[in-house]
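# Per-entry structural report
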Amino acid sequence: MRNCLWNHFCLILIFFSAAGSSVYAQMTAFPCQIALGGGIAYTSGTAAHFGNPANLMIGNHTGQYQVTVGLGGLYTSEGLRIPDYYRFPGQIRPFFIPDEPAEKTGISETELQRMFAESNRYQQTHSYDIIPIGLSWTDGSKARSFAMRSRGLSSFEMNKNWFEPAGEPDHEESVVRFLNENYQVFHEISLGFAREVTMLNQWHAGLNTLYIGLSPKLMLGAMHSQIRFESGFLPGDQGWRNSRYLEARTAGDMNRFLADLIFLNNAEQAFRKNLSPSSNFKINGVGLGLDAGITYIIPLGDDISLSPHYRAPLRKSLRFSLALTDLGAVRFQKDAGDWHSHMETETIISLPVSGSLYKGKPGELFRYLYEDSAEDALLDYLTLAEESSFY
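Below you will find a few notes about this structure. Within each chain, residues carry numbers counting from 1 in the order of the written sequence. Under the rules for a predicted model, residues below a pLDDT of 70 receive no local features and side-chain atom pairs below 80 are neither given nor counted, while totals for whole chains, interfaces and linings still include all residues. Excluding hydrogens and water, the side-chain values take into account all heavy atoms of the structure.

## Some words on helix H7 (residues 267-274)
Exposure categories follow from relative accessible area, calculated using a 1.4 Å probe and restricted to protein chains: below 20% of the type maximum is buried, above 50% is exposed, and the middle band is partly exposed. Numbered from the N terminus, helices here are DSSP runs of H or I no shorter than four residues, and strands are runs of E no shorter than two. Taken residue by residue, H7 has Ala267, Ala270, Phe271 and Asn274 as its buried positions. The buried residues of H7 all sit within an arc of 100° when viewed along its axis, so they share a single face. Contact definition: two residues touch when any of their heavy atoms are within 4.5 Å. Summarising the contacts, the buried residues of H7 are in contact with helix H6 (253-264) and helix H8 (364-370). Here H7 starts with a cap whose side-chain oxygen sits 3.2 Å from the backbone nitrogen of Glu268, and that cap is Asn266. What the arc measures is the spread of directions leading from the helix axis to the C-beta atoms. N or O atoms closer than or at 3.5 Å make up a polar contact, with two conditions inside protein: a donor-capable atom paired with an acceptor-capable one, and, for residues adjacent in sequence, both atoms drawn from side chains.

## Observations concerning the environment of Pro53
You can see Pro53 is positioned in the loop between helix H2 (39-42) and strand S2 (65-76). Using a relative accessible area of 0% as the deciding quantity, one classes Pro53 as buried. For the pair Pro53 and Gly293, spaced 240 residues apart in the sequence, the C-alpha separation amounts to 5.9 Å.

## Overview of the packing of H6 against H7
Where H6 meets H7, the closest approach of the two axes is 8 Å, and the angle between their N-to-C directions is 150°. On the basis of the axis angle, H6 is roughly antiparallel to H7. Helix-helix and strand crossings are classified by hand; for H6 and H7 the assignment is right-handed. Along the contact surface, H6 presents Asp253, Arg256, Phe257, Asp260, Leu261 and Leu264, while H7 presents Ala267, Gln269, Ala270, Phe271, Lys273 and Asn274. For the contact of H6 with H7, the per-class residue count stands at six nonpolar, two polar and four charged. Lines fitted to the C-alpha atoms define the axes, with helices restricted to the stretch that makes contact. Angles between their N-to-C directions range from 0 to 180 degrees. Note that the term roughly parallel is reserved for angles under 35 degrees, roughly antiparallel for angles over 145, roughly perpendicular for angles of 65 to 115, and oblique for everything else. The sense of a crossing depends on the near helix, which, turned anticlockwise from the far helix by less than a right angle, makes the crossing left-handed and, turned clockwise, makes it right-handed. Classification convention: Asp, Glu, Lys, Arg as charged; Ala, Val, Leu, Ile, Met, Phe, Trp, Tyr, Cys, Pro as nonpolar; all other residues, Gly among them, as polar.

## Digging into the nonpolar core
Counting 42 residues, the largest nonpolar core has Leu179, Leu246 and Phe366 as the members making the most contacts within it. The residues touching Phe366, leaving out its near neighbours within four places in the chain, are Ile227, Leu246, Ala248, Phe257, Leu258, Leu261, Leu379 and Leu382. Among the buried residues, those of types Ala, Val, Leu, Ile, Met, Phe, Trp, Tyr and Cys that are joined through side-chain atoms within 4.5 Å form a nonpolar core. Counting eight residues, the second largest nonpolar core, distinct from the first, contains Met57, Ala194, Tyr211 and Ile297.

## Section: the pattern of salt bridges
For salt bridges, the criterion is a side-chain nitrogen of Lys or Arg within 4 Å of an Asp or Glu carboxyl oxygen. All told, the structure shown has 24 salt bridges when counted by the stated rule. The closest approach of N and O atoms between Glu346 and Arg244, which form a salt bridge, is 2.6 Å. Of this pair, Glu346 sits in strand S11 (residues 344-348) while Arg244 sits in strand S7 (residues 239-251), and the two are 102 residues apart along the sequence. For the salt bridge of Lys282 with Asp253, the shortest nitrogen-to-oxygen distance reads 3.1 Å.

## Here's the deal with the packing of aromatic side chains
Stacked, edge-to-face and tilted labels apply to pairs of Phe, Tyr and Trp rings (six-membered ring for Trp) whose centres lie within 6.5 Å, assigned for plane angles under 30 degrees, over 60, and everything in between, in that order. Counted under the stated rule, the structure contains 13 aromatic pairs. Through pairs of rings, three or more aromatic residues link up here, namely Phe116, Tyr122, Phe156, Trp162, Phe163, Phe229, Tyr358 and Tyr368. Throughout this description, the term charge over a ring refers to an Arg CZ or Lys NZ atom that lies within 6 Å of the ring centre and within 35 degrees of the ring normal. When the ring centre of Phe50 is taken as origin, the NZ or CZ atom of Arg149, which lies over that ring, is 4.1 Å away. The side chain of Arg367 reaches across the aromatic face of Phe271, ending 5.9 Å from its centre.

## Observations regarding a nonpolar patch on the surface
On the surface, a nonpolar cluster with roughly 980 Å² of combined accessible area is contributed by Val67, Val69, Ile133, Phe146, Met148, Ile189, Leu191, Phe193, Leu218, Ile283, Val286 and Leu288. Elements with a minimum of two residues in the nonpolar patch: S2, strand S4 (142-159), strand S5 (175-196) and strand S8 (285-299). No other element matches the three residues that S5 contributes to the nonpolar patch. Tracing the chain through its elements places Val286 in strand S8. The patches reported here contain residues having more than 30% relative accessible area and no salt bridge. Joining distances are 9 Å for like charges and 5 Å for nonpolar side chains (Val, Leu, Ile, Met, Phe, Trp, Tyr). Each accessible area is a Shrake-Rupley result for a 1.4 Å probe, and residues are judged covered by the shown protein chains and nothing else.

Next up, the structure:
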């Protein structure tokens, strides 16, 4: 019953984001970024809070206050036809709500051709960005805002060598299989400040206006994992010399799942014991961040919206914007650890071939290796190298 309620809550939250009337540019990575063009120039109100806080000053309505509920969007690198937009919530949900382990399914030749049509490397990325509640208000030459945000990134990459036919022992080239995964969820509470650069604006005639804005934020890190796995095969007289290596940095329920997987030697039991829809709402790290931006506006034609003491939506303008987002750090200290495998080497007769499709669900990478007869022994050599906080 509890898991069912969590599922409905998460689906409702994502539904509001996909079905809302406002959708803006999506992030695909979390490091400090400099953003140019696109949404940072035309977004305004609460939508600009995390993208370019300078645009809090841009009026898109006649009122002094603006309240936003359920603003956000979804992104999937797999793509989706526009008429099928309603499938977005259901399509992206499995990559962020670990309510059920991934089922082991076969992979067809058609699926392989689709995945590796352009190269021998396949990548998949899913992300969501939601502002469940936001408030902004303007007062003359300054603006203020308050907003909360939740966002997540789930991505993986692997190569075609997982699925290639078995080679011959006298093969002259080495073969490498790799599988990397990145999973991050953050919740943010932020205040935004924006104002007109009065001194600069007074240096020239006309209504051209420069705005600056800052949005300091408290960042709460939820479930987190960064995993790198590589398995190399070198040809030899007796077959193939295989060396495997894995490193992982995990926090929260994902870290406990990995510890129990090694201790219990039962992937199903470890998953159900540690991972649930509530895993993304448990706070495992705290940090501070900053979003900042500037916008220069040139009114066009007869638009006088930027006139002093005149309140009207800005209709026609040319805008130049620059934004610096996600400057800061998050310290994960709860159930955080670095895992490393000892370099395991053995000789095998032929190259292994995986017949199972990897889907990229939370916790699936360790289960995928656990259920692969050629790689499952790696977990016997995986140890907690350091149980301490990381940034």
